[in-house]
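Observations on the model geometry
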Amino acid sequence: MFILTKLRAVIFTHFLELKWQGLALSVFFYVCISYLLLHLAGEDALTSFPDFPYWLIITASTVGYGDLSPSTTLGKLTVSIFVVPFGLSLFALFIGRVAAYASFQWRKGVKGLKNLDYSNHILVIGWNEKRTIHLIKLLLREQSGAEEERKIALCTKADIENPLPNDIGFVKVESYSDNEHMQRAGIDSASSIIIDTPEDDITMTTALFCNSRNPNAHMIAYFQDDHLSQLLKVHCPNIECAPSVDVELIVKAAMYPGSSELHHDLLNVEDGMTQYAITYPKSSQSVSIRDIFIAFKEKHDATIIAIAETGSKPELNPSFNKTLHGGATIYYIADERIDGLDWNALYV
């Protein structure tokens, strides 16, 4: 009895250490030996096809429907001594390996160790704890109901796990300027890149690197020091710099009470009037700012605040006498995003 127990322990230990190739080979020999023993035992009903693979799987997994069973004494001994014990061990080992592999892959995603198969996505680079989470939640809120929903990925050097594993992709890197690591975040295929690191110098180098890898992406870089943002604009005029405006808001609130609440409402995506943008179709005819301003207000209760012609900066409070051309971006304030706008019926 001691020898059998010792032998079982040794076999079980070797089973646990089997790699996928060894496991597959063990299953192959198990099937061949089972078939041979049953055939020698005269179990013709069990060794016929397709009954044999069906019966072997049901028996090895101990489900045992009872529709097929050995009829000879030697067949019963074969099943009880070899087929069931070894089959159950292999079956349990296989299921355990599959579960462990699935869990490992999930953990890799949570820890940011997997490659993201994303394209045309929004890539957020950097980690500022609550501010970054708030930023991502706002992006998710803005994405809901948009004509084209894009995936969001977070890329960071911080020692964290995915803060929103059910909503975003996550990649952990050692450097924001390492080609191999940043490729895992899909930097070359991102349509928008937001750079918000705790240090302005890292933001600067990251922005330069991202611009060299994906110059066609829409890039936004957040700076606490306005001088660095101006310096970046000299080298990369296509990058949109978002400097800190806390001091400016304090001054505005001191001079014009209520200004801070006004700016908060314009940026709040959950309640009240919010700023949105929409592109005027390139195929549409040119119209005056007056006509489109009145149409937006009368039919959608939206107020146009700025216009950006193709390749130009947004012009705040455009004159009614100016003309809006196809391809221009219209910035407006509304209670909700205007979806499915019928441009042909807008002026009727």
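The text that follows walks through the structure, step by step, so that each part is easy to find. (Residues numbered from 1 in each chain as written. Predicted model: local features only at pLDDT ≥ 70, side-chain atom pairs only at ≥ 80, totals over all residues. Heavy atoms only, no water.)

Below, the discussion takes up the overall build of the protein chain. From N to C terminus, the protein chain includes 12 helices and 12 strands. Across the 348 residues that make up the protein chain, the buried fraction comes to 35%. Within the protein chain, residue pairs in contact and separated by at least 24 positions form 63% of the contacts whose partners lie at least 6 positions apart. (Helix = DSSP H or I, 4+ residues; strand = E, 2+ residues; numbered from the N terminus. Buried < 20%, exposed > 50% of the residue type's maximum accessible area, 1.4 Å probe, protein only. Contact = heavy atoms within 4.5 Å.)

Now for the pairing of strand β1 (residues 122-125). By the alternation rule, side chains of β1 split into I122 and V124 and L123 and I125, which are all buried. As paired elements, β1 and strand β2 (residues 152-156) share four bridges and run parallel to each other. Residue pairing in the sheet places I125 in a bridge with C155 of β2. Relative to strand β4 (residues 192-195), β1 is paired through four bridges, and the arrangement is parallel. The partner of L123 across the bridge, within β4, is I193. (Pairing = 2+ DSSP bridges.)

The subject of this paragraph is the sheet that holds strand β7 (residues 274-279). Spatially, β7-β12-β9-β10 is the arrangement adopted by the four strands of the open sheet, whose pairing is antiparallel. Edge strands, defined here as strands with exactly one partner in the open sheet, are β7 and β10 (315-316). Note: strand β9 (residues 303-308) against strand β12 (residues 329-334), five bridges, orientation antiparallel. Bridging from a neighbouring strand, I304 pairs with Y332 of β12. Of the strands in this sheet, β7, β9 and β12 touch helix α12 (residues 289-300), which is tilted by about 140° from β9. (Axes fitted to C-alpha atoms, helices over the stretch in contact; angles between N-to-C directions.)

Now for a nonpolar patch on the surface. A contiguous nonpolar surface patch, about 670 Å² in accessible area, is contributed by L25, F28, F29, I33, L36, L37 and L40. Within the secondary structure, L36 is located in helix α2 (residues 20-40). (Patch = residues over 30% accessible without salt bridge, like charges linked within 9 Å, V, L, I, M, F, W, Y side chains within 5 Å. Areas by Shrake-Rupley, 256 points an atom, 1.4 Å probe, with all protein chains shown as cover. Salt bridge = Lys/Arg side-chain N within 4 Å of Asp/Glu carboxyl O.)

A few words on the environment of I58. On the secondary structure map, I58 appears in helix α4 (residues 51-60). For the pair formed by I58 and L68, sequence separation is 10 residues and the distance between their alpha carbons is 9.7 Å. Setting aside chain neighbours within four positions, we find I58 in contact with V63, G64 and Y65.

A separate point is the packing of aromatic side chains. As enumerated under the stated definition, the model contains nine aromatic pairs in all. Where F296 meets W343, the ring centres are 6.2 Å apart and the plane angle is 45°; that geometry is what we call tilted. Of this pair, F296 sits in helix α12 while W343 sits in the segment after β12, and the two are 47 residues apart along the sequence. A relative accessible area of 0% means that F296 is categorised as buried. In this structure W343 comes out as buried when scored by relative accessible area, which is 13%. Among the aromatic side chains, those forming a connected cluster through ring pairs are Y276, Y280, F296, Y332 and W343. (Phe/Tyr/Trp six-rings, centres within 6.5 Å; stacked < 30°, edge-to-face > 60°.)

Here we come to the packing of helix α8 (residues 200-213) against helix α9 (residues 226-235). Running from N to C, α8 and α9 point in directions that differ by 15°, and their axes come no closer than 11 Å. Regarding the angle of α8 to α9, the classification is roughly parallel. Considering the relative orientation of α8 and α9, their crossing is right-handed. For the pair formed by α8 and α9, the contact residues are D200, D201, M204, A207 and L208 on the first element and L228, L231, L232 and H235 on the second. Per-class residue counts for the contact of α8 with α9 are six nonpolar, one polar and two charged. (Parallel < 35°, antiparallel > 145°, perpendicular 65-115°, else oblique. Left-handed = near helix turned anticlockwise from the far one by under 90°. Nonpolar A, V, L, I, M, F, W, Y, C, P; charged D, E, K, R; others polar.)

The next subject is the pattern of salt bridges. Across all of its chains, the model carries five salt bridges by this definition. In this structure, D196 engages R131 in a salt bridge whose closest nitrogen and oxygen atoms are separated by 2.5 Å. On the criterion of sequence distance, the pair formed by D196 in the loop between β4 and α8 and R131 in helix α6 (residues 130-143) is long-range, its members being 65 residues apart. D196 sits in the buried class, given a relative accessible area of 7%. Residue R213 pairs with D188 through a salt bridge whose shortest N-O separation is 2.5 Å. Of this pair, R213 sits in helix α8 while D188 sits in the loop between α7 (179-183) and β4, placing them 25 residues apart in sequence.

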